Protein chains: 2
Amino acid sequence: PIMWLEKSHPLGYGEPGFEPLVVLELASDIKEEAVVWLLSRIRDPQQNGGHLGPGVRPQEKENPNLFLVGASWQRLLSGAEDLGLFKEYSDGSMRGFTCSNKHNFKDFTGDGDSFLSMAECQHIIKHELDTLRAREETHVPGYPQAKLYPGKSIIRRLQSKRILIQMFPLHHKEELKRLSFSWYQKVRLSLQPLDSIRHYYGEGQALYFGFLEYFTFALVPMALIGVPYYLFDWEDYDKYVIFAVFNLVWCTVILELWKRRSASLAYQWGTLSRKQAFEEPRPGFHGVLGFNPVTGREEPLYSNAKRQLRIYLVSLPFVLLCLYLSLYVMMVYFLLEGWVLSIHDENPTFWTGVLLFIPSVAYAVVIEAMNLIYRYAAEFLTEWENHRLESSYQNHLVLKVLVYNFFNCFASLFYIAFVMQDMVLLRQSLATLLITSQILNQFMEAFLPYWLQRRRNKKMVRKVQGRRVLEDKALPLAEQVRLEADMSTYLGTFDDYLELFLLFGYVSLFSCVYPLAAVLVVLNNITEVYSDAFKMCHVFKRPFADPAANIGVWQLAFEAMSVIAVVTNCALIGMSPQVRAYFPHSETQLILWTVAVEHGLLALKFILTFLIPDVPKHIQIKLARIEFESLEALKKKLSS
Amino acid sequence: PIMWLEKSHPLGYGEPGFEPLVVLELASDIKEEAVVWLLSRIRDPQQNGGHLGPGVRPQEKENPNLFLVGASWQRLLSGAEDLGLFKEYSDGSMRGFTCSNKHNFKDFTGDGDSFLSMAECQHIIKHELDTLRAREETHVPGYPQAKLYPGKSIIRRLQSKRILIQMFPLHHKEELKRLSFSWYQKVRLSLQPLDSIRHYYGEGQALYFGFLEYFTFALVPMALIGVPYYLFDWEDYDKYVIFAVFNLVWCTVILELWKRRSASLAYQWGTLSRKQAFEEPRPGFHGVLGFNPVTGREEPLYSNAKRQLRIYLVSLPFVLLCLYLSLYVMMVYFLLEGWVLSIHDENPTFWTGVLLFIPSVAYAVVIEAMNLIYRYAAEFLTEWENHRLESSYQNHLVLKVLVYNFFNCFASLFYIAFVMQDMVLLRQSLATLLITSQILNQFMEAFLPYWLQRRRNKKMVRKVQGRRVLEDKALPLAEQVRLEADMSTYLGTFDDYLELFLLFGYVSLFSCVYPLAAVLVVLNNITEVYSDAFKMCHVFKRPFADPAANIGVWQLAFEAMSVIAVVTNCALIGMSPQVRAYFPHSETQLILWTVAVEHGLLALKFILTFLIPDVPKHIQIKLARIEFESLEALKKKLSS
């Protein structure tokens, strides 16, 4: 990799041509030889004008080693070619970028200064750093315990041995200001600036916000229909049936249409045509160094059969065991609750009144603890499964965690709905869950971290101001880096999607019991947009861009949820007294009818899914055109 | 198109370099100017050494105009390139054939005489003829009523106006002998020679026989498990449950594995990588002449939205109406049957005994008539929907017809099973249906046509022999052409697949009522292989090769059937007295358990379908490699 590297120093920045993009924070007690070795590996030996900045170390003792990494435009463009970035061509189609052909791309002007977004540049540098692999080295110089072998990712080993503390992309003050203004500081309601978000944070983030926005709009009709049911207390189940059927069909349709919208966005952003199989493996991937059978590049290889064995023989049984445990804990909780209630009913005193709360509290604590342990275990297992692609790793991790979370969140609701058959309690629980989770989430996600961050910042600023008086108008870059290094790390869109997923569960699974759910979720989503945008801009470190082509396994998760929703809604309607009144003599008839309707709805769902094409026609044509031209080009190449 | 064209003549064949491939039969009263025009369009004007055979017309009055079409090897190879045939490259991968690169293909030796199979040559010629499109002509010369407009397929118009009677590929005596020997004349049991079938008849046929063989082998375990149930009269439903669950999982697994096998076969035959979207439209396709947005070639264009409107607003309601009619007829039949039975029971005489048969006979006649009308209507509608690709046309036609046939075949069985709940009658009906359909089919499909054909041949041979005495050792080509022209036309694999589909329905839908079904189907399939092979070789005209990559909509149909099978089997088990005995007090409990088990099985099915990859890993890698190389080649091309 050909890179410029610069140590951050409190005096700010001398070199005018250097734009810092990524920050590396090394351990404060790092050995000098390791630093020299790492820098020599990052800097390209053949680079013309390769350049290491003035090695001024920060004076303060508590300040660790911060290095800034940048690269020349030439280097970034060739990195974009290596990564296979897709850019808009002069004819309006999206094509893989090549340096030798750069002038034919639409937005390429002059020396290409604004051609790549900052997020793309940072992604390119991250990619280059991630794919720095050991060759002859057996260990990191100065650290005999940090073993290396051919093909091992250097950055990965440094991270695992805590020699490299962190690596993160820098914010761009100006752009951030512009983005946050158009995003959430404008008072009037407007669509989110998805293109700007993508420009600044990358495709993964932009798709999340795109989905959040889409999902909110899609829920509006359900919310509007739900309001009169709530206001006029329409306990008439004839009407509920219509409401539920509308909800089910609507859920299917919006999920299918989202696929199309997501494909349009991803095409326009150039990630739809990118083939992940052709990408470099993720840094954590290990194996024997060999040649990739598809691309012919040298990289670690790992047998697919071994991975499958690990998944099916270890991960799957583990997940099932955890689900069983979780179910067991829930049953114990309901037992305890019943037992405590009976004690209280027999002889109600103040202490039995307190006792009433104990099972709930204990259950909440146990569930939270189990959640935490499970999350760690899931991460460990997924890492151990050794997936080649980041997306595949993410998908497997998400699948594990979300199955467990789904179970934990909904098992008790299912129990209330179908075992206890207490609709009033169900409605209460739903309302409580929706409202408290909304308030809590907003608080925990945005305001609390913001407040903590602000306190830290103030301290920092005070300290800096103290120094500033002495040094007079120092450039704020060094402080900016220092401030950002101390911000908490954004852990990806996982928790945000999970929250949406659970909300979707509340609104779809039990929609016919609590028609107001959609309204609450819409309200929640509107505030969620703001709080998520705020936390992305001001609370967390800037995350690296993630060139996602779709929302991955979440699409599947939402679809699975909508299938389960058909079952639960039909069951709830079948259980309602109004419907029962139609079959006064025979419960069997009632159940058979319910099951028949449910099967019909499921069939309708699958037919709808099948009939609505996942990619809009005009994009299909553009993709086919690229494919056709590629095949023709290959034919010509082979012929010549 | 650069073609050689030759009129068949009774004296056989003078030109030694000419290999006749395809026969065109023109109307016997065709006007001379139309012939001259057609020949001029077929023969390429720029062709070097272009050649029209000695125009000797057959002497006999009853002999119509038969023309033989062949082509030089050069022409066929360039046709193969136009069609985008995939052939094995020297490195073992499958690549699009190009003339300039021909020597790098594995089997290309010398002047490429055996490089293309005869089926491929015939397919190339058919393709060239089909894509002969009118340019300035407003009508066929000599036929003012046969209108032409730019882009209209000439062959299509000639066929619709009965100027061109038929067009079919010639058999190759020697190869046919070899093929039929290895296929069905050997006494010992062996696998079918799929590669030879593909070589002679093309990929569509070979895939059908591959599926038939695979399906037969896949049913063997079900048949073996079914035998003891039948022999020992295991009326124990505990065991039936195991049997049914095994069947359901097995059906899912074999269908998934077939996808993989089909992908392997298609890859090896070069049809998997072929992109149908890049192919020329089917001859019946019409529209305004324009430029294809993908390939940039000039061809008719037709709006997709219009086609969708025709499908959803006309075809779909029509199919639903027909299904309703069919259901109505069935209900009338059951009513009549009950009424006749009551008359017979009241006062049984000889005439009421005769009367008992009348509803069944009337029902059979009405159903057969409706089937026939429906088939015509479906063909008309699908034609009218104006599909661009032959495969898409076939899929829509198949879907229409098979839904109706499924309904007709199984509606009465469903009625017996779930409304009358008469398991003994169900078992009887199943056995009768399976055995009679087997015998009837075999007779109607192979022996009857064979016998008719043989009688016709004998007449012909006698006539020829009479002449042969006069002319002494004439080459039999003219007679061969004459004989083949009189054979019946093979209407594609549709009816064969439909038969397999219905058999699969009998064996999977009601497997737990009649465990012997699988045995009967296996026996039927074994004879079916022979009778189908025989009829392909000796009863019907040779069909044109069809470069199929999979069994198309049939895969979907079989999968849908296996989903329905889960529902019916669970319902049948739930209805069995043994299972009812477990829930003596509550029918509700029984139904709820049945439904729960059914949902579990359905979920298992979908997870299995999802987990088993459709294309084997090693083929995925090969496909990805081609795609990667193509994209790289495109990048290079754009750069240079």
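Residues numbered from 1 in each chain as written. Chains lettered and ligands numbered in written order. Predicted model: local features only at pLDDT ≥ 70, side-chain atom pairs only at ≥ 80, totals over all residues. Heavy atoms only, no water.

A. Local environment of the overall build of chain A. Scanning chain A for helices and strands turns up 19 helices and 10 strands. Looking at chain A as a whole, 52% of its 640 residues qualify as buried. Of the roughly 29900 Å² that chain A leaves accessible, carbon and sulfur atoms contribute 64%. (Helix = DSSP H or I, 4+ residues; strand = E, 2+ residues; numbered from the N terminus. Buried < 20%, exposed > 50% of the residue type's maximum accessible area, 1.4 Å probe, protein only. Areas by Shrake-Rupley, 256 points an atom, 1.4 Å probe, with all protein chains shown as cover.)

B. View of helix α10 (residues 350–385) of chain A. Residues and elements named next belong to chain A. Here α10 contains 36 residues, and its C-alpha end-to-end distance of 53 Å stays within 8% of the 52 Å for a straight helix at 1.5 Å per residue. The sharpest bend along α10 reaches about 25° and sits at Ile-358, with the proline Pro-359 one to four residues further on. Inspection of α10 places Thr-352, Pro-359, Tyr-363, Ile-367, Met-370, Asn-371, Tyr-374, Ala-378, Leu-381, Thr-382 and Glu-385 among the buried residues, and these make up the whole buried set. Its side-chain oxygen at 3.3 Å from the backbone nitrogen of Trp-351, Thr-349 defines the N-terminal cap of α10. (Expected span 1.5 Å × (residues − 1). Bend = angle between axes of the 7 residues up to and from the residue. Polar contact = N/O pair within 3.5 Å; in protein donor to acceptor, adjacent residues only side chain to side chain.)

C. Quick peek at the packing of helix α6 (residues 194–201) of chain B against helix α7 (residues 203–231) of chain B. Residue and element names in this part refer to chain B. Here α6 crosses α7 at 150°, and the two axes come no closer than 7 Å. Looking at the two axes, α6 sits roughly antiparallel to α7. In the crossing of α6 with α7, the sense of the turn from one axis to the other is right-handed. Contacts between α6 and α7 involve Leu-194, Ile-197, Arg-198 and Tyr-201 from the first element and Glu-203, Gln-205, Ala-206, Phe-209 and Gly-210 from the second. Class assignment of the residues belonging to the contact of α6 with α7 gives a composition of 5 nonpolar, 2 polar and 2 charged. (Axes fitted to C-alpha atoms, helices over the stretch in contact; angles between N-to-C directions. Parallel < 35°, antiparallel > 145°, perpendicular 65-115°, else oblique. Left-handed = near helix turned anticlockwise from the far one by under 90°. Contact = heavy atoms within 4.5 Å. Nonpolar A, V, L, I, M, F, W, Y, C, P; charged D, E, K, R; others polar.)

D. Quick peek at the pairing of strand β8 (residues 164–169) of chain B. Residues and elements named next belong to chain B. For β8, a buried count of 5 out of 6 residues is recorded, marking the element as mostly surrounded by other parts of the structure. Note that strand β2 (residues 22–26) and β8 share 5 bridges and pair antiparallel. When the bridges of β8 are listed, Val-23 appears paired with Phe-168. (Pairing = 2+ DSSP bridges.)

E. The arrangement of the packing of aromatic side chains in detail. All names here are of chain A. Within this structure, the stated rule accounts for 73 aromatic pairs over all chains. Judged by centre distance (6.4 Å) and plane angle (65°), the ring pair of Phe-105 and Phe-115 falls under edge-to-face. Of this pair, Phe-105 sits in the loop between β5 (94–96) and α3 (118–130) while Phe-115 sits in the loop between β5 and α3, placing them 10 residues apart in sequence. Its relative accessible area of 2% is what places Phe-105 among the buried residues. Here Tyr-208 and Tyr-497 contribute two aromatic rings whose centre-to-centre distance is 5.0 Å and whose plane-to-plane angle is 80°, an arrangement assigned as edge-to-face. Here Tyr-497 lies in helix α14 (residues 494–509) and Tyr-208 lies in helix α7 (residues 203–231), a separation of 289 residues in the sequence. Residue classification places Tyr-208 among the buried residues on the basis of a relative accessible area of 1%. Directly above the aromatic system of Phe-544 lies the positively charged group of Lys-126, at a separation of 5.4 Å from the ring centroid. (Phe/Tyr/Trp six-rings, centres within 6.5 Å; stacked < 30°, edge-to-face > 60°. Lys NZ or Arg CZ within 6 Å of the ring centre and 35° of its normal.)

F. Broad picture of the state of the cysteines. Across all of its chains, the model carries 0 disulfides over all chains by this definition. Free of any disulfide, A:Cys322 has its nearest cysteine sulfur in A:Cys409, 16 Å distant. (Disulfide = S-S within 2.5 Å.)

G. Local environment of the layout of surface pockets. Each pocket or cavity is described by its volume, and for the second largest pocket that value is around 760 Å³. Residue lining of the second largest pocket: 31 residues in total, with B:Asp82, B:Leu83, B:His127, B:Glu280 and B:Arg297 positioned closest to the centre. Among the elements of the structure, α19 (617–639) of chain A together with α2 (73–83) and α3 (118–130) of chain B are those that each provide at least two residues to the lining of the second largest pocket. For the lining of the second largest pocket, the leading source of residues is α19(A), giving 5 residues. When its residues are assigned to classes, the lining of the second largest pocket shows 9 nonpolar, 6 polar and 16 charged. (1 Å grid on protein atoms, 1.4 Å probe; cavity = no way out; pocket = protein on both sides within 12 Å on 5 of 7 lines; lining within 4 Å. Points joined across faces, edges and corners; volume = space filled by probe spheres on them.)

H. Main features of the interface of chain B and chain A. At the interface, 47 residues of chain B touch 47 residues of chain A. Linking chain B with chain A are 8 residue pairs in polar contact (both at pLDDT 80 or more). If you tally residues by element for the side of chain B that touches chain A, the top one is helix α19 (residues 617–639) of chain B, at 16 residues. Class assignment for the residues of the side of chain B that touches chain A results in 22 nonpolar, 13 polar and 12 charged.

I. Expanded view of the UniProt feature "transmembrane region" (unreviewed entry) in chain A. All names here are of chain A. Within the UniProt annotation, "transmembrane region" (unreviewed entry) is assigned to residues 206–231, 237–258, 311–336, 356–377, 397–418, 430–452, 500–523 and 590–612. What you have in residues 206–231 is 100% helix and 0% strand, and the ends, taken at the C-alpha atoms, are 37 Å apart. Across residues 590–612 one finds 96% helix and 0% strand; the C-alpha atoms that close the span lie 33 Å apart. (UniProt positions renumbered as here; feature names shortened; annotations may be inferred.)

J. Region of the structure containing the relation of the copies chain B and chain A. Superposition of chain B onto chain A requires a rotation of 180° combined with a translation of 0.0 Å along the rotation axis, giving an RMSD of 0.1 Å. Such a combination of rotation and displacement between the chain copies is what one expects of a two-fold axis. Taking C-alpha positions as the reference, the residue of chain B nearest the rotation axis is B:Ser630, at 2.3 Å. (Least-squares fit on C-alpha atoms with pLDDT ≥ 70 in both.)

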